Amino acid sequence: QQGFLNHSIVFDDAVGPFEVLLRLETEGNHSIHVEALRWDDAYSRVARDSILIASYLIFTLMVITWAVVTVFGQRSKVLLLFVAHQFSALSVVLTLFGVWRMFAPDDLVHLGSRLASFFIPLSVLASVWFHARLLADLGARATDTKIIGISAALPVFGKIGRAHV
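The rules behind these values
Residues numbered from 1 in each chain as written. Predicted model: local features only at pLDDT ≥ 70, side-chain atom pairs only at ≥ 80, totals over all residues. Heavy atoms only, no water. Helix = DSSP H or I, 4+ residues; strand = E, 2+ residues; numbered from the N terminus. Buried < 20%, exposed > 50% of the residue type's maximum accessible area, 1.4 Å probe, protein only. Contact = heavy atoms within 4.5 Å. Areas by Shrake-Rupley, 256 points an atom, 1.4 Å probe, with all protein chains shown as cover. Phe/Tyr/Trp six-rings, centres within 6.5 Å; stacked < 30°, edge-to-face > 60°.

Digging into the overall build of the protein chain
Each helix and strand counted, the protein chain has four helices and two strands in total. N-terminal to C-terminal, the α/β element order of the protein chain is β-β-α-α-α-α. For the protein chain, with 165 residues in total, the buried portion stands at 35%. Here the contacts in the protein chain between residues at least 6 apart in sequence split such that 55% fall between residues at least 24 apart. With the model as given, the accessible surface of the protein chain reaches about 10,800 Å², and the carbon-plus-sulfur share is 67%.

This is how it looks when you write it as structure tokens:
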């Protein structure tokens, strides 16, 4: 039986079905906390989380749409990098919160953690690339943007390959 949106499983017992919202803690690219909740608590939390996630997704898609339309009009590399940055951030949210499972075939659902471990460093690198280019376009010295890029990317490279998936 399919559970709530964010990685939960429904178990059947003698009294009736119940759902456990399971959260695991890891030293990977993202941390997860384990909790077992009663149905009403899990339902209210997931309802709140779903509203917040949907609001974020709608806002992000509006910003991406604006940026794509503007890129076609201005041919700006900074805006193109901004679009890439927003798409990568959107990918992180879709994988971390399990939204992508609604569209994935059942035999690929188990790849969620691996996808998140892929998209998190990618999102950070896209962010660094965008901000370094933005600073360069605003007149920052090349050395400054390289130092910013290197210092922002170092934590990402420390996490690559160490994620527990």
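On we go from here.
Let's talk about the packing of aromatic side chains
Under the criterion given, the structure shown has three aromatic pairs. Ring geometry for Trp66 and Phe82: centres 6.5 Å apart, planes at 80°, overall edge-to-face. Pair noted here: Trp66 is in helix H1 (residues 39-74) and Phe82 is in helix H2 (residues 77-96), with a separation of 16 residues, a long-range link. With centroids separated by 5.4 Å and ring planes inclined at 55°, the aromatic side chains of Phe82 and Phe130 adopt a geometry described as tilted. Taken together, the positions of Phe82 in helix H2 and Phe130 in helix H3 (residues 112-137) put the pair 48 residues apart, joining distant regions of the chain. The pair formed by Phe82 and Phe130 is uniform in burial state, with each residue classed as buried. An aromatic cluster is present here, built from Trp66, Phe82 and Phe130 joined pairwise through their rings.

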